[in-house]
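Commentary on secondary and tertiary structure
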Amino acid sequence: MKSDSLIEIDRVTFGYDARRKILSDLSLRFGRGKVTSILGGSGCGKTTLLRLIGGSNTPDSGEVRFDGEKVDGRDREKMFRMRRRMGMLFQFGALFTDLTVFDNVAFPLREHTDLPEAMIRDIVLMKLNAVGLRGAAKLRISEVSGGMARRIALARAIALDPELIMYDEPFAGLDLISMGVAANLIRTLNDVTGATSLVISHDVPECMAISDYVVLLAPGGRIVAQGVPADLMNSSDAEVRQFVKGEPDGPVKFHYPAPTLAEDFDLKGVAP
Ligand SMILES: Nc1ncnc2c1ncn2[C@@H]1O[C@H](COP(=O)(O)OP(=O)(O)OP(=O)(O)O)[C@@H](O)[C@H]1O
């Protein structure tokens with residue numbers, strides 16, 4: 001029987017070098033058909049987690065499984081098959097700037113399939129329609145706005161009908177309207193395609209609005225909290241509250257550890 005989880009992170013420890021662990025003994029499950037957001041401050045290992053799922057990096061210990069199968073970045077043939085089932089939208093997911101919008105979305109179809117051009121055309125226009133940009137098919141990338149570029153990259157990421165769509169900071173640098181559009185799109189595409197979506201982001205309200213499940217990570221890949229959005233929003237835990245309410249100071253200190261002011265400025269008789 002198939003597990004309810006499309007992705008299983010099982011006691012994963014990983015560091016880019018032996019001196020510093022980025023994730024330590026992390027275990028997580030991502031439900032099929034769900035939108036899960038992974039929130040956490042800069043540098044806590046969110047992108048690293050996506051790279052481990054996509055097989056770009058391999059855990060030092062523990063295992064990542066996709067649809068019950070071990071992700072093994074060293075097995076190139078297996079990864080090629082697996083990656084076809086994953087759509088990744090990276091923060092700076094570069095589009096080919098000298099190609100048209102159409103050719104950018106057609107690229108993975110031409111690369112990975114033997115479909116005839118007439119069918120590729122229909123698929124590309126359908127994907128562009130899904131992101132509201134069918135009318136922009138003939139434009140060059142240099143002619144589109146940042147928000148549009150993000151949606152084109154999304155159309156390209158879903159060209160091969162992936163079962164898993166991973167979004168790295170999908171809202172970064174977008175104005176509020178484009179942010180709302182992007183958030184709705186993630187939710188709608190997830191539901192109409194039956195895919196499973198994984199969003200990593202700093203944007204708490206956007207993620208809370210569209211997610212079925214939210215994981216809050218801290219440095220070292222420590223899980224601060226996980227649950228449905230309402231659980232996190234109503235949490236009485238000080239660390240969770242600081243993060244979801246965006247409070248500048250709390251258990252996570254505003255100040256990097258430092259000597260006292262009195263010590264640094266050689267002040268006598270001043271409270272620390
Ligand atoms: N290729 C790499 N080589 C060495 N260290 C890296 C590499 N990529 C990331 N790191 C380090 O790993 C840590 C986690 O980075 P990661 O990008 O996973 O964090 P993040 O939570 O996605 O942060 P952000 O929200 O800022 O993108 C950081 O300290 C970063 O400097």
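Details of the structure are given in the entry above.
Let me sum up the structure you'll find in this document. (Residues numbered from 1 in each chain as written. Predicted model: local features only at pLDDT ≥ 70, side-chain atom pairs only at ≥ 80, totals over all residues.)

To continue, consider the sheet that holds strand S4 (residues 61-66). Strand order in this open sheet of four strands is S2-S1-S4-S5, and the pairing throughout is antiparallel. Among the strands making up the open sheet, the edge pair consists of strand S2 (23-31) and strand S5 (69-70). Sheet topology note: the strand S1 (residues 5-14)/S2 ladder contains six bridges and is antiparallel. Across the sheet, Ser5 pairs through a bridge with Gly31, a residue of S2. Its contacts with the sheet place helix H1 (residues 46-53) against S1, S2 and S4, and it is angled at close to 115° to S1. (Pairing = 2+ DSSP bridges. Helix = DSSP H or I, 4+ residues; strand = E, 2+ residues; numbered from the N terminus. Contact = placed C-beta atoms within 7 Å. Axes fitted to C-alpha atoms, helices over the stretch in contact; angles between N-to-C directions.)

Mapped onto the elements of the fold, Phe102 is located in helix H3 (residues 101-112). C-beta crowding within 10 Å serves as the criterion here: with 20 such atoms nearby, Phe102 is assigned to the buried category. Each C-alpha atom, one on Phe102 and one on Thr13, is 41 Å from the other, the two residues being 89 residues apart in sequence. Beyond its immediate chain neighbours, meaning those up to four positions away, Phe102 contacts Val124, Ala137 and Lys138. (Buried ≥ 20, exposed ≤ 12 C-beta atoms within 10 Å, placed from the backbone.)

What follows covers the site of the ligand. If you check the shell around the ligand, you find Tyr16, Ile22, Gly40, Ser42, Gly43, Cys44, Gly45, Lys46, Thr47 and Thr48 and nothing else. For the shell around the ligand, the residue count by class is three nonpolar, six polar and one charged. (Near = placed C-beta within 6 Å. Nonpolar A, V, L, I, M, F, W, Y, C, P; charged D, E, K, R; others polar.)

Our focus in this paragraph is the packing of H3 against helix H5 (residues 146-157). Any two packed helices are characterised by how steeply their axes cross, that is the angle between the axes, and by the distance between the axes. Taken N-terminus to C-terminus, the directions of H3 and H5 make an angle of 30°; their axes are 8 Å apart at the nearest point. When the axis of H3 is compared with that of H5, the two are roughly parallel. Where H3 crosses over H5, the two elements pack in a sense that is right-handed. Contact residues: H3 offers Val101, Asn104, Val105, Phe107 and Pro108, while H5 offers Ile152, Ala155 and Arg156. (Parallel < 35°, antiparallel > 145°, perpendicular 65-115°, else oblique. Left-handed = near helix turned anticlockwise from the far one by under 90°.)

Below, the discussion takes up helix H9 (residues 238-245). Within H9, the full set of buried residues consists of Val240, Phe243 and Val244. Mapping the buried residues of H9 onto a view down its axis gives an arc of 90°, with all of them on the same face. Structural note: H9 exposes Ala238 and Lys245 on the side pointing more than 90 degrees away from its buried face. Elements that come into contact with the buried residues of H9 comprise strand S3 (35-40), helix H7 (204-210), strand S9 (213-218), strand S10 (222-227) and helix H8 (229-233). With its phi angle positive at about 65°, Gly246 sits one or two positions after the end of H9. (Arc of directions from axis to C-beta.)

Here the focus is the sheet that holds S3. The six strands lie next to each other as S6-S7-S8-S3-S9-S10, forming an open sheet whose pairing is mixed. Edge positions in the open sheet fall to strand S6 (86-89) and S10, since each of these has one partner strand only. Within this sheet the neighbouring strands show an average axis-to-axis angle of 15°, counted without direction. Sheet analysis places S6 next to strand S7 (residues 164-168), joined by four bridges and oriented parallel. Across the sheet, the residue bridging to Leu89 is Tyr167, located in S7.

Before going further, it helps to examine the pairing of S10. Here five bridges tie S9 to S10, and the two strands are oriented antiparallel to one another. Along S10, the bridge assignment pairs Val215 with Gln226. Hairpin connection from S9 to S10: three residues lie between these consecutive antiparallel strands, with Gly220 at a positive phi of about 85°.

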